[in-house]
Amino acid sequence: MLEVFFITASSLILLIQAQDGISTPPMGWSTWNKYGCHINEQLIKDAADLIVSQGYHNAGYTYLNMDDCWQSNERTSDGHIIIDRENFPNGIRPISDYVHSKGLKFGIYSSAGRQTCAGRMASSGYELQDAQTYANMGVDYLKYDNCNYDEGVSAKTRYEIMAKAINTTGRQIFISVCNWGTENTWEWAYQYGHSFRTHDDIYNDWKSIVEILNVHATVVNNSGPGQWADPDMLEIGNDRLTVDESKTHFSIWSAMKSPLILGNSLSDMPSELYNFVTNKNVIAVNQDPLGLPAKRILHVAHDKDIWVGELVNQTMVVVIINYMDQHQTFNIDTHYCGYIGSDIRAFDLWENATIPMKDQR
Ligand code: GAL
């Protein structure tokens, strides 16, 4: 059994800042983890309705991101991307308008290569034209992937070209650098995007989450406002993670200040899991105005992790992960976690309850 809990050293302020995705990590929902290439106009419109009607928007989820497969694999003779007309017969702009009419922001996907990972038309060589197309579509978020690029051209160069092209449009577009942590992403991606992937794709199982954490822990220092290290989208609600694993996944993603991009079916999310991903206390940690990622201060493989992060108002978050299949008792010394103040109070965010402290100093 896996367990996790949060403690803070003074009472947690439930203050959620303006969620533009830059001053705090972006929150939203994406088509990819659940639907892959099986997307169409109705699915996106239904998702927009559900994000609002199911209370996800109220909880802070703002972006509706359409991932791979909205394009065909062709361009017009004058270079415009041809949209997949079968699934998007009315084009993209009406969908974007619909998403905006619900008070949400609209995200789209392309690749810094000739084709997307699913073989659809991508932006390499057409950056200026495509950036303008995205701006004309009313796009607020571009996930820019790393498939099918010309050999020998560095990722840094390819992402720089698109960042400049987006800048030229004058539209404020959040850029998610999705190059899977290759070519030491964390050293340069902050210049060309607002978030950067640190690992290959998440898979819908606990093993994948542990693998990602082990890499992410080594580079999360480079994360912060406007340059969020991204361990990939959430898999909660996609049937493979246990309840405890789902809770842990959400706890640690929140504390690391990861983008919180859901990937589940919005119409039939089990209520227990829905309550996790809309938990105000935990989301407030993710959206904390300081924007500092929790860092791993202790790791014993297959046994335990302790992650600690600073929050506003002399508050800190501690995440304890029990990797064992049995209960463990943890004695946490808050001084060891880096907190040096007195009058310490601890609060369990999931239980929404104060934790009695022993031996207060
Ligand atoms: C991968 C990316 C995934 C998804 C997929 C689409 O490279 O990491 O998140 O976008 O491409 O084909």
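Residues numbered from 1 in each chain as written. Predicted model: local features only at pLDDT ≥ 70, side-chain atom pairs only at ≥ 80, totals over all residues. Heavy atoms only, no water.

## What about the pattern of salt bridges?
Evaluated as defined, the whole model comprises 15 salt bridges. Among the salt bridges present, the one from Arg-240 reaches Asp-205, with a minimum N-O distance of 3.9 Å. A residue pair is termed long-range when its members are at least 10 positions apart, and Arg-240 in the loop between β10 (228-230) and α9 (243-255) and Asp-205 in the loop between β9 (195-197) and α8 (206-219) qualify at 35 residues. Looking at Asp-205, the relative accessible area reads 24%, which means it is partly exposed. (Salt bridge = Lys/Arg side-chain N within 4 Å of Asp/Glu carboxyl O. Helix = DSSP H or I, 4+ residues; strand = E, 2+ residues; numbered from the N terminus. Buried < 20%, exposed > 50% of the residue type's maximum accessible area, 1.4 Å probe, protein only.)

## Quick look at the nonpolar core
Counting residues in hydrophobic clusters, the biggest one holds 85 residues, and the most contacted among them are Tyr-61, Trp-70, Ile-108, Phe-250, Trp-253 and Trp-307. Those residues in contact with Trp-70 that lie beyond four places of it in its chain are Ile-39, Ile-81, Ile-83, Asp-84, Phe-88, Ile-92, Ile-108, Tyr-109, Tyr-134 and Met-137. (Core = buried A, V, L, I, M, F, W, Y, C linked by side-chain atoms within 4.5 Å. Contact = heavy atoms within 4.5 Å.)

## Topic: the site of the ligand
Lining the immediate surroundings of the ligand are Trp-32, Asp-67, Asp-68, Tyr-109, Cys-117, Lys-143, Asp-145, Cys-178, Trp-180, Arg-197, Asp-201 and Met-233. Arg-197 is positioned with one of its side-chain polar atoms (N or O) 3.1 Å from an oxygen atom of the ligand. When isolated, the ligand has an accessible area of 310 Å², and the protein chains bury 95% of it. Applying the majority rule of atoms within 2 Å of the grid points places the ligand in the second largest pocket. Looking at side-chain class alone, the shell around the ligand contains six nonpolar, no polar and six charged residues. (Near = heavy atom within 4 Å. Polar contact = N/O pair within 3.5 Å; in protein donor to acceptor, adjacent residues only side chain to side chain. Areas by Shrake-Rupley, 256 points an atom, 1.4 Å probe, with all protein chains shown as cover. 1 Å grid on protein atoms, 1.4 Å probe; cavity = no way out; pocket = protein on both sides within 12 Å on 5 of 7 lines; lining within 4 Å. Sits in = over half its atoms within 2 Å of the grid points. Nonpolar A, V, L, I, M, F, W, Y, C, P; charged D, E, K, R; others polar.)

## A few points about the confidence of the model for the chain
On average, the chain scores 92 in pLDDT, and the residues at 70 or more come to 93%. Note that pLDDT drops below 50 for residues 1-5; the model gives that stretch 28 contacts with residues more than four away or on any other chain. Below a pLDDT of 50 lies the segment residues 7-19, which in the model reaches 49 contacts outside its immediate sequence neighbourhood of four places, other chains included. (pLDDT = per-residue confidence, 0-100.)

## Focus: the layout of surface pockets
In this structure, the second largest pocket spans a volume of roughly 240 Å³. In this structure, the second largest pocket is lined by 19 residues; those nearest its centre are Trp-32, Asp-67, Lys-143, Asp-145 and Asp-201. Every element with two or more residues in the lining of the second largest pocket is listed here: α1 (32-35) and β7 (141-145). Partitioning the lining of the second largest pocket into residue classes produces ten nonpolar, one polar and eight charged. (Points joined across faces, edges and corners; volume = space filled by probe spheres on them.)

## Some words on the state of the cysteines
Applying the stated criterion across every chain yields a total of two disulfides. Shown here is the disulfide that connects Cys-117 with Cys-147, its sulfur atoms set 2.0 Å apart. Here the S-S torsion is close to 100°, and the disulfide linking Cys-117 with Cys-147 is therefore right-handed. Of the two residues, Cys-117 sits in the loop between β6 (105-111) and α5 (127-137) while Cys-147 sits in the loop between β7 and α6 (155-169), which places them 30 residues apart along the sequence. Classification of Cys-117 as partly exposed rests on a relative accessible area of 39%. Relative accessible area serves as the criterion here: at 15%, Cys-147 is assigned to the buried category. Across the chain, the disulfide pattern expressed with sequentially numbered bonded cysteines is 1-2, 3-4. (Disulfide = S-S within 2.5 Å.)

## Focus: the environment of Thr-133
Here Thr-133 is to be found in helix α5. Look at Thr-133 and you get buried, because its relative accessible area is 18%. Residues Thr-133 and His-80, spaced 53 residues apart in sequence, show a C-alpha to C-alpha distance of 8.0 Å.

## Regarding the packing of α8 against α9
The geometry of α8 relative to α9 is characterised by a closest axis approach of 11 Å and an angle of 20° between their N-to-C directions. With respect to each other, α8 and α9 are oriented roughly parallel. The two elements α8 and α9 cross, and the hand of that crossing is left-handed. Taken together, the residues of α9 that come into contact with α8 (itself represented by Trp-206, Ile-209, Ile-212 and Leu-213) are Glu-245, Thr-248, His-249, Ile-252 and Trp-253. Partitioned by chemical class, the residues of the contact of α8 with α9 number six nonpolar, two polar and one charged. (Axes fitted to C-alpha atoms, helices over the stretch in contact; angles between N-to-C directions. Parallel < 35°, antiparallel > 145°, perpendicular 65-115°, else oblique. Left-handed = near helix turned anticlockwise from the far one by under 90°.)

## Some remarks on the packing of aromatic side chains
As enumerated under the stated definition, the model contains twelve aromatic pairs in all. Look at Trp-188 and Tyr-192: their rings are 6.3 Å apart centre to centre, the planes differ by 40°, and that puts the pair in the tilted class. Assigned by exposure class, Trp-188 and Tyr-192 land together as buried. Among the aromatic side chains, those forming a connected cluster through ring pairs are Tyr-144, Tyr-159, Trp-188 and Tyr-192. A cation over an aromatic ring shows up here: Lys-45 above the ring of Tyr-98, its NZ or CZ 5.4 Å from the ring centre. The ring of Tyr-126 has Arg-75 lying over it, and the distance from NZ or CZ to the ring centre is 3.7 Å. (Phe/Tyr/Trp six-rings, centres within 6.5 Å; stacked < 30°, edge-to-face > 60°. Lys NZ or Arg CZ within 6 Å of the ring centre and 35° of its normal.)

## Quick look at the pairing of β6
Judged by how many residues are buried, β6 sits mostly within the fold: six of seven residues are covered. Across three bridges, strand β3 (residues 63-65) lies against β6 in parallel orientation. Its bridge partner lying in β6, Asn-65 is registered against Gly-107. The pairing of β6 with β7 spans five bridges and is classified as parallel. Its bridge partner lying in β7, Gly-107 is registered against Tyr-141. For the segment spanning β6, α5 and β7, crossover handedness is right-handed. (Pairing = 2+ DSSP bridges. Right-handed = clockwise from strand over helix to strand, strands pointing away.)

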